[in-house]
Amino acid sequence: VGHCHPDIVRAAHEQNQLLNTNSRYLHDNLVDYAERLSKTLPEKLCVFYFLNSGSEANDLALRLARQYTKCEDVIVLDHAYHGHLTSLIDISPYKFRNLEGQKEWVHVAPVPDTYRGLYREDHEDSVTAYANEVKIIIEQAQEKGRKIAAFFAESLPSVGGQIIPPAGYFQKVAEHVHKAGGIFIADEIQVGFGRVGRHFWAFQLQGEDFIPDIVTMGKPIGNGHPIACVATTKEIAEAFAATGVEYFNTFGGNPVSCAIGLAVLDVIEKEHLQAHAMEVGNFLMKLLKEQKTKHPIIGDVRGSGLFIGVDLIK
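All residue numbers refer to positions counted from 1 along the written sequence of the respective chain. Per-residue local features of the predicted model are confined to residues with pLDDT of at least 70, and side-chain atom pairs are confined, for both listing and counting, to 80 or more; whole-chain, interface and lining totals are unaffected and use all residues. Each side-chain value is derived from all of the structure's non-hydrogen atoms; neither hydrogens nor water enter the calculation.

Overview of helix α6 (residues 126-143)
Part 1: Over its 18 residues, α6 runs 26 Å from end to end, which matches the ideal 26 Å to within 8%, given 1.5 Å per residue.
Part 2: Burial here depends on accessible area, computed with a 1.4 Å probe over protein chains only, as a share of the maximum for the residue type. Under 20% is buried, over 50% is exposed, and the range in between is partly exposed. Each helix is a run of DSSP H or I of at least 4 residues and each strand a run of E of at least 2, with the numbering of both proceeding from the N terminus. By the burial criterion, the buried members of α6 are S126, V127, A129, Y130, A131, E133, V134, I137, I138 and A141.
Part 3: Whether two residues are in contact is decided by their heavy atoms: any pair within 4.5 Å suffices. Structurally, α6 contributes buried residues whose contacts are with β2 (73-77), β3 (106-109), β4 (148-154) and α7 (169-179).
Part 4: Looking one or two residues beyond α6, the residue adopting positive phi is G145, at roughly 80°. A helix is expected to reach a length of 1.5 Å times the quantity of its residues less one.

Laid out in structure tokens, this is it:
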């Protein structure tokens, strides 16, 4: 919402003067913020865990998936990056290829990129073709006696090249993954909170009939202040709680972080930032497309709202 936005600075300052505890001491801000966030999400995503960073959020999402499914294996998209914790380097091809390599429980699916990928714009049904790649991975894993815990993907792959998956891809993937007993995790850490313009969450670009089982949030959630969140269903949260080992995070969801989170949502709403992302994004895309007609090096201009990629080619 902008560098040192006065509303955010004020919210942090006022809350800092009142009470800043760890989250073991319940505080209204925690509940108020969870309620406000829930209004932006589909109804079934109704349980919230607060943390300090996107990496922590994705790590918890992984734990939730494994506890709920009682399985270990994860399918990720090629070139993905999900965070800097050891558990997340393991599911980030962007990182692990230069480090220890791919673990046996990690399966890499091709990025649903209709410009450079396996199946392109001229393909008769790129959505089904890309989703079938995931289906094949599941079948090959099952043949080896392995079981899928989750399909873990950014709603719009960012490090992977600002990719816009074709609408309907996530629905078909979710069908295959659910059938195999796994769940669908949407990483919204870079692309959530109205950035894509048309919707508040990037996964909504896929259509109203698609709802992930877990959504992770970070980066813009606190406008630079360390706060993150995992939203999930009651069933998944109950399976996680059933271990008897509570989830506890000293600073996750503390009153100051939640005051800031609330202020960020206020500013997004008050200043119509989602519509602004759409308007400015469309304007930028139009100008970039004009450049594309002039310069053969620009192969593709793609994006949604203020999530935009320019593909340079030989």
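Once you've had a look at it, read on.
A word on the sheet that holds β2
Part 1: Strand pairing requires that DSSP identify at least two bridges connecting the strands. Taken in spatial order, the seven strands make up an open sheet running β1-β7-β6-β5-β4-β2-β3, and their pairing is mixed. Edge positions in the open sheet fall to β1 (47-51) and β3, since each of these has one partner strand only. Pairwise comparison of adjacent strand axes, ignoring direction, gives a mean angle of 20° for this sheet.
Part 2: Note: β2 against β4, four bridges, orientation parallel. Counted as the bridge partner of D73 is I148 from β4.
Part 3: In this analysis an axis means a line fitted to C-alpha atoms, helices contributing only their contacting stretch, and an angle means the value between N-to-C directions, from 0 to 180 degrees. α7 rests against β2, β4 and β5 (183-187) of the sheet, and its axis sits at about 140° to β5.

So, the pattern of salt bridges
Between side chains of opposite charge, a pair can form as their charged atoms come close.
Part 1: Definition used for salt bridges: Asp or Glu carboxyl oxygen within 4 Å of a side-chain nitrogen of Lys or Arg. For the structure on display, the rule yields 16 salt bridges.
Part 2: A salt bridge links D90 to K103; the nearest nitrogen and oxygen atoms lie 3.1 Å apart. Residue D90 is located in the loop between α4 (86-89) and α5 (93-96), and its partner K103 is located in the loop between α5 and β3; the two are separated by 13 residues in the primary sequence.
Part 3: Judged by relative accessible area, D90 falls into the buried class, the value being 11%.
Part 4: Between E139 and K135 there is a salt bridge, and its shortest N-O distance comes to 3.7 Å. Taken together, the residues span about one helical turn, with E139 and K135 both in helix α6 at a distance of four residues.
Part 5: Owing to a relative accessible area of 35%, K135 belongs among the partly exposed residues under this scheme.
Part 6: Each of the salt bridges in this network shares a partner with another, and the network as a whole consists of E72, D73, E104 and R146.

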